Amino acid sequence: MERVILHADANSFYASVELLGRPELKTQPVAVCGDPEARHGIVLAKNQPARAMGVATGEPIWQARRKCPGLVALPPHFDQYMRYSRLLRDIYAQYTDRVEPYGLDEAWLDISAPGVTVAAGERLADMIRLRSRAELGITVSVGVSFGKVMAKLASDMKKPDGTTVLKRDDFQAKAWPLPAEALLYVGGSTLAQLTQLNIRTIGDLARSDEAALTLKLGKHGAMLKAFALGLDAGEVAEDGAHIPPRSVGHSVTLPKDVETPEQARCVLYQLAEAVCARMREQHLAAGCVSIALRAPDLSWRSRQMPLLPESCLTGEVAAAAMRLFEAGASPLPLRSMGLTCSRLTPARGALQLDFLGESERRARAMRLEDALDALKARHGHRAVRRGVELWDRRLSADPLKERDEMIPFHAV
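Conventions and cut-offs
- Residues numbered from 1 in each chain as written.
- Predicted model: local features only at pLDDT ≥ 70, side-chain atom pairs only at ≥ 80, totals over all residues.
- Heavy atoms only, no water.
- Pairing = 2+ DSSP bridges.
- Helix = DSSP H or I, 4+ residues; strand = E, 2+ residues; numbered from the N terminus.
- Axes fitted to C-alpha atoms, helices over the stretch in contact; angles between N-to-C directions.
- Contact = heavy atoms within 4.5 Å.
- Buried < 20%, exposed > 50% of the residue type's maximum accessible area, 1.4 Å probe, protein only.

Enquirer: What's the story with the sheet that holds strand β8 (residues 163-165) in this structure? I'm lost.
Expert: Strands in a sheet are paired, the pairing made by backbone hydrogen bonds, and the direction either parallel or antiparallel. With respect to topology, 5 strands assemble into an open sheet ordered β5-β6-β1-β7-β8, the strand pairing being mixed. Two strands in the sheet have a free side with no partner beyond their single neighbour: β5 (99-101) and β8. When strand polarity is set aside, the average angle formed by the axes of neighbouring strands in this sheet is 15 degrees. One ladder, built from 3 bridges, connects strand β7 (residues 140-145) with β8; its direction is parallel. Each bridged residue has a counterpart across the sheet, and for G143 the counterpart in β8 is T164. The sheet contacts of helix α5 (residues 118-136) involve β1 (5-10), β6 (106-110), β7 and β8, and relative to β7 the element is tilted by about 170 degrees.

Enquirer: How should helix α1 (residues 13-20) be read in this particular structure?
Expert: Residues lying three or four places apart along an α-helix face the same way, a consequence of the helix completing one turn every 3.6 residues. For α1, a buried count of 6 out of 8 residues is recorded, marking the element as mostly surrounded by other parts of the structure. Every buried residue of α1 is listed here: F13, A15, S16, V17, E18 and L19. Buried residues along α1 sit against β1, β2 (30-33), β3 (43-46), β4 (72-74) and α4 (78-93).

Enquirer: What is the right way to read unusual backbone geometry from this model?
Expert: The phi torsion of most residues other than glycine is negative, and most of the peptide bonds are trans. Looking along the chain, the bond that leaves K159 and enters P160 is cis, with omega of -5 degrees. Tracing the backbone shows P160 in the loop between α6 (148-155) and β8. Cis geometry is adopted by the peptide bond preceding P309, which originates at L308 and carries an omega value of -5 degrees. Relative to the helices and strands, P309 resides in strand β11 (residues 300-311).

Okay, here's the thing in C-alpha cells:
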C-alpha cells in the first residue's frame, strides 16, 4: 500500500492572523515585528506584498523599511496565533487521527488506507484549503506525496493557497532541479558544507557519493541523500501523541550589551536554568551543549561540546557553556546569547555507585534541582534564583522562561 501524506502550511501565518482584524491593510506590505525598545526589533513574519518587496523574516526592521518604505509594522499577539493554530488542527483532525504539528503553522496528515490514492489526497488537500479560507480566513498551501519530506517540499512549491502533488514516478523531475536548501533539514551550516562538495541541487544530493557525504556530515549526510532519493519511512505521529524533543534551547536578546565575562556568566546561568528545567520536565538528559553568540553587528558565532556523563543539572550545563565561552575567546560585546542542549536521552533513574562519591554528589544535586523546580512551580519562575544570576540585574530583568524553544523529534 502506497502511503498518502499531506503537509499543510498556513501562508504567512502570523501576518494572516493579524490581518483578520485589519482587512484594510491586506493590499499593503505588512510585517509582524518584535519590540525595538526591547531590542527584539526584527521581522517575525510578513505578508505577500511585503515579500514581493524583498522583506525577509529575521531581518531588522530598519533594514526591512529600507527595502519597503511603506511597510506597516504590527506587534505580535501569540495568544491569537495559538488559537488559530488549534482551529486549523481541528479541521485536519476531522479527516484523520494522524496529525503531527510542525510548529504553529504547519502539520503533517497521514490519510493512508487501503484504496486511498494520491488523487484522493489531492482532493482532500483542496478541501482543506477551501475550508481554511472560508471558515478561518487563512490560506493554506498543501503538499501531497508518499512521505513526510516530499510532502513538506511540495507544500513549499506553490504559495500562497496552492496544492502540489509529488508522486513517486515524477518527484525526480519536479524536485531534483530545486536548490538543496529546499529540502527539509538542510539549514545554513549544512548548506555551506554541501556547497564545499559542489552539491547545489536536490538532484546533486541524490547522485552524490554517500561515503563523501558521511565523511563530511556524518549520519546526517546519509539521511539527506536518502531523502533526496525519496527514501523516507518517517511515520506521522498520532494526534495528541507526545513527540520527544531532539533538542531544547533558549535564546535571548538582551536589554543591554554583554561587555564582560561576568555578565556573560550571569546570562548563561539563566539560560541553563531554563533549559535544564525543561529537560527535567521531560525526564531527559543532554549529551551535547552548544552556545550561540550574536554581536551588535548581528553576526553569529556558535560552538558546541559533548557533555559526559549526560546531564540535566543546571550547574553542569552552565559550566560547560562557560567553558565554551572562555575557550573560544569570544569577542565582546554581545547583543544576544543562546544555549541549546541536544543528543537527548532518557534521564537515568538508577544510581551507579563509584568509589569517589561522584554519583552520590550528582544524586544530591538532582534532589536539590527537583526541590527548586517544585518551589518555582508553586510560587513562580523567579521565586528562587542563583546568586550568579543577580550579578547584573539589568541582564536578568526579563523572565527567560518565556523564551522557551523546544524542537520536536521527527522520526525518519
